[in-house]
Amino acid sequence: MQAHPLTLYVEGYFTNVWDASCFVALTEKGLEFATARALLRDGQGVPPALRDKAAIGRIPALQHGDLWLTESLAIIEYLDETFPEPRVLPADPMPRARMRQVMTWLRSDLWALRSERPWQVVVYPQTRIAPLSAAAAREAEELVALVEWLAAHGDLGEWNIAHADLAFALMRLSATGVALPAAAQALLDANLARPSVRAYVDRARPPNPPPQPRS
Ligand SMILES: N[C@@H](CCC(=O)N[C@@H](CS)C(=O)NCC(=O)O)C(=O)O
């Protein structure tokens, strides 16, 4: 039983991978939560009340009782500490550190790929799409190589939230005609088979989204 309601503030078209990560974590934990749509892309920006309460005004944001929190990794760690069963990050420090490393990298790198393949392309398919620049192609290779390294080192066994993050990143490639090597395709398929991931991907969305910023 949750003492306080949980609300996740999300980008209004459901095309933001950091929202997706929090959404999947809440869903995996079987928590009841509401989603509040912030119309960032319609030019409305982060609601001023959220900026006041959360210290840093960004989406996604979680409200739980008196706590308003932004930064998806901080939200996920808070959820794992407050509602520990089932965990979405590994319980043991060493694998947990590896997964945090992956999640931090996904959030702070891959700028060209994120810019040229905004996640919107996954759920609002486009008829024409420019080839990747050399920089974005290099980042795509690095992403796939990371998945292969993790598979070879036994880090893709038991599911955790970093696997979902990697799958959301790989969707930028698979949805735009890039054939994935076996380990990456297997990770993507395993995540797409999870109801929590499907719940975000298959979410009903408004038609005709405004142009997508990087996410
Ligand atoms: N590192 C953050 C990224 C959050 C972020 O940058 N959110 C963007 C939307 S993708 C935002 O809220 N921008 C404020 C605005 O557009 O006014 C996380 O992991 O949550």
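Small disclaimer: the values here were computed from a predicted structure and weren't measured. (Residues numbered from 1 in each chain as written. Predicted model: local features only at pLDDT ≥ 70, side-chain atom pairs only at ≥ 80, totals over all residues. Heavy atoms only, no water.)

**Looking at the pairing of strand β3 (residues 61-64)**
Cut-off, in case you're wondering: When DSSP locates at least two bridges between a pair of strands, those strands are taken to pair. Runs of H or I in DSSP of at least four residues are treated as helices and runs of E of at least two as strands, each being numbered from the N terminus.
In this structure, strand β1 (residues 6-11) lies alongside β3, joined through 4 bridges in antiparallel fashion. Bridge pairing links Leu-8 to Leu-62 in β3. Relative to strand β4 (residues 67-70), β3 runs antiparallel, the two being bridged by 4 bridges. Paired with Gln-63 across the strands is Trp-68, a residue of β4. Between β3 and β4, which follow one another and run antiparallel, lie 2 residues, and Gly-65 among them has a positive phi close to 60°.

**Some thoughts on the nonpolar core**
As a rule of thumb, soluble globular proteins bury nonpolar side chains together. Operational definition: Among buried residues, those of type Ala, Val, Leu, Ile, Met, Phe, Trp, Tyr and Cys that are joined through side-chain atoms within 4.5 Å constitute a nonpolar core. Accessible area is worked out with a 1.4 Å probe on protein chains only. A residue is then buried under 20% of its type maximum, exposed over 50%, and partly exposed in between. For this analysis, residues touch if any pair of their heavy atoms sits within 4.5 Å.
Judged by nonpolar contacts, the single largest core of 60 residues is most densely connected at Leu-143, Ile-161 and Phe-168. Broken down by element, this core gets its largest block of residues, 10 residues, from helix α8 (residues 161-174). Apart from the residues within four sequence positions on either side, Ile-161 is in contact with Ser-21, Val-24, Ala-25, Ile-76, Val-88, Leu-89 and Met-103. Listed in part, the 8 residues of the second largest apolar core include Ala-38, Val-46, Ala-54 and Ala-61.

**Section: the site of the ligand**
Counted only if it meets this: Only heavy atoms are used to decide nearness, and a residue is near a molecule or strand if one of them lies within 4 Å of it. Residues adjacent in sequence count toward polar contacts only when both atoms are side-chain atoms; beyond that, a polar contact is any pair of N or O atoms within 3.5 Å, and within protein one must be able to donate a hydrogen and the other to accept it. Using a 1.4 Å probe, accessible areas were evaluated by the Shrake-Rupley method; residue-level cover was limited to the displayed protein chains.
Lining the immediate environment of the ligand, one finds Asn-16, Trp-18, Leu-40, Val-46, Arg-58, Ile-59, Pro-60, Glu-71, Ser-72 and Arg-107. Ile-59 places a polar main-chain atom, nitrogen or oxygen, 2.7 Å from an oxygen atom of the ligand. Ser-72 places a side-chain nitrogen or oxygen 2.6 Å from an oxygen atom of the ligand. In isolation the ligand offers 520 Å² of accessible surface; the protein chains occlude 72% of this area.

**Topic: the environment of Leu-79**
Within the fold, Leu-79 resides in helix α3 (residues 72-82). Other than its neighbours up to four places away in sequence, Leu-79 contacts Leu-6, Ala-25, Leu-26, Lys-29, Leu-31, Leu-62 and Pro-84.

**Brief notes about the side chain of Asp-155**
Let me state the cut-off plainly: For the purpose of counting charges, residues Lys and Arg are taken to be positive, whereas Asp and Glu are taken to be negative. His and the chain ends are not included. Only one rule defines a salt bridge in this text: a Lys or Arg side-chain nitrogen within 4 Å of an Asp or Glu carboxyl oxygen.
Here Asp-155 is to be found in the loop between α7 (134-152) and α8. Despite its burial, Asp-155 remains without a salt bridge, the nearest opposite charge being carried by Arg-98 at 4.1 Å. Ignoring sequence-local partners within four residues, the contact set of Asp-155 consists of Arg-98, Met-99, Trp-149, Leu-150 and His-163.

**Remarks on the packing of α7 against helix α9 (residues 182-192)**
Using the following cut-off: Axes here refer to lines fitted to C-alpha atoms; in helices the fit is confined to the stretch in contact. Angles between the N-to-C directions go from 0 to 180 degrees. Angle categories: roughly parallel below 35 degrees, roughly antiparallel above 145, roughly perpendicular from 65 to 115, and oblique for all the rest. Under the convention adopted here, Pro, Cys and the residues Ala, Val, Leu, Ile, Met, Phe, Trp and Tyr are nonpolar, Asp, Glu, Lys and Arg are charged, and Gly plus all remaining residues are polar.
Two elements in contact, α7 and α9, have axes whose closest approach is 8 Å; the angle formed by their N-to-C orientations is 85°. Regarding the angle of α7 to α9, the classification is roughly perpendicular. Where α7 approaches α9, its residues Val-147, Glu-148 and Ala-151 are matched on the opposing element by Ala-183, Ala-184 and Leu-187. Among the residues forming the contact of α7 with α9, the class breakdown is 5 nonpolar, no polar and 1 charged.

**Overview of the packing of aromatic side chains**
For clarity, the cut-off: In summary, the pairing rule links any two rings of Phe, Tyr or Trp, Trp by its six-membered ring, whose centres are within 6.5 Å, and it sorts them by plane angle into stacked for under 30 degrees, edge-to-face for over 60 and tilted for everything else. Here, over-ring charges are defined by two tests on the NZ atom of lysine or the CZ atom of arginine: distance to the ring centre within 6 Å, and angle to the ring normal within 35 degrees.
Applying the stated criterion across every chain yields a total of 7 aromatic pairs. Arranged with centres 5.5 Å apart and planes meeting at 70°, the rings of Phe-23 and Tyr-200 form a pair that is edge-to-face. Pair noted here: Phe-23 is in helix α1 (residues 17-28) and Tyr-200 is in helix α10 (residues 195-201), with a separation of 177 residues, a long-range link. Among the residues examined, Tyr-200 registers a relative accessible area of 0% and is labelled buried. By way of ring pairs, the aromatic residues Phe-14, Phe-23, Phe-33, Trp-119, Phe-168 and Tyr-200 are connected into one cluster. One Lys or Arg, Arg-114, reaches over the ring of Trp-111 and ends 4.3 Å from the middle of that ring. Positioned above the aromatic ring of Tyr-200, the side-chain terminus of Arg-205 is 5.7 Å from the ring centre.

**So, the pattern of salt bridges**
Taken as a whole and judged by the stated rule, the model has 5 salt bridges. Glu-77 serves as the salt-bridge partner of Arg-100, at 2.3 Å between the closest nitrogen and oxygen. Taken together, the residues Arg-100 in helix α4 (residues 93-108) and Glu-77 in helix α3 connect sequence positions 23 residues apart. Residue Arg-100 is classed as partly exposed on the basis of its relative accessible area, which comes to 31%. With a relative accessible area of 21%, Glu-77 lands in the partly exposed category.

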